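# Structure at a glance
One-letter residues, chain by chain:
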Amino acid sequence: MNKPMGCLLCLLLAGQAGAADDTPAAAKKKAKRPAPTVIENCVDASHTLSFREGDSGTILDEVDRFLVAGEIVRRYPMIERDGFYPTAIALWRRKEGDWVFATLTRRSEAPQRLCFSANVAVGQVQIAPALLKKYFGISPAPI
């Protein structure tokens, strides 16, 4: 049930990492080790999120995105105030890391591209245990 994050985000974020190299040599190299999907921070492009092979995660469906976004924005109102209300939310973790929600927003200057505005620990979102159960079949220890 754990889903590789890079594949899911590649579908959602087509074109985020720049131009693709479609040469046969590039295809062979990609087959050996997929490149991480990199998303820039909405405020400072020098800060990025890299979703790599071995990371676990998924993009929340619309209902769950709405519920989680509501909780996050109530806790951190500056996200909405500054124009970064999430158009997508990833629930993910690195291979050896903790679960987090990454809020993703369409860039105003390039609406076909997404940026991230926040990473929020699952402990900050009340419905997180139910979402971990729904998407990954796991029941985390009480948060």
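Shown above is the structure to which this text applies.
Throughout what follows, the structure given in this document is the object of discussion. These numbers come from a predicted model, not from an experiment.

### What about the environment of Leu49?
Within the secondary structure layout, Leu49 lies in strand 2 (residues 48-51). Of the residues examined, Leu49 reaches a relative accessible area of 5% and is grouped as buried. Along the primary structure Leu49 and Asn119 are separated by 70 residues, whereas in three dimensions their C-alpha atoms are 9.4 Å apart. In contact with Leu49, other than residues within four places in its own chain, are Thr37, Val38, Ile39, Trp92, Ala102, Phe116 and Asn119.

### Focus on the sheet that holds strand 6 (residues 114-121)
Within the open sheet, the four strands sit side by side as 3-4-5-6. Their pairing is antiparallel. Each edge of the open sheet is held by one strand with a lone partner, namely strand 3 (56-59) and strand 6. Each neighbouring strand pair of the sheet contributes to a mean axis angle of 20°, computed without reference to strand direction. Where strand 4 (residues 88-93) and strand 5 (residues 100-106) come together, five bridges link them in antiparallel fashion. For Ala90, the partnering residue across the bridge sits in strand 5 and is Ala102. Helix 3 (residues 62-75) rests against strand 4, strand 5 and strand 6 of the sheet, and its axis sits at about 85° to strand 4.

Rules behind the numbers
Residues numbered from 1 in each chain as written. Predicted model: local features only at pLDDT ≥ 70, side-chain atom pairs only at ≥ 80, totals over all residues. Heavy atoms only, no water. Helix = DSSP H or I, 4+ residues; strand = E, 2+ residues; numbered from the N terminus. Buried < 20%, exposed > 50% of the residue type's maximum accessible area, 1.4 Å probe, protein only. Contact = heavy atoms within 4.5 Å. Pairing = 2+ DSSP bridges. Axes fitted to C-alpha atoms, helices over the stretch in contact; angles between N-to-C directions.

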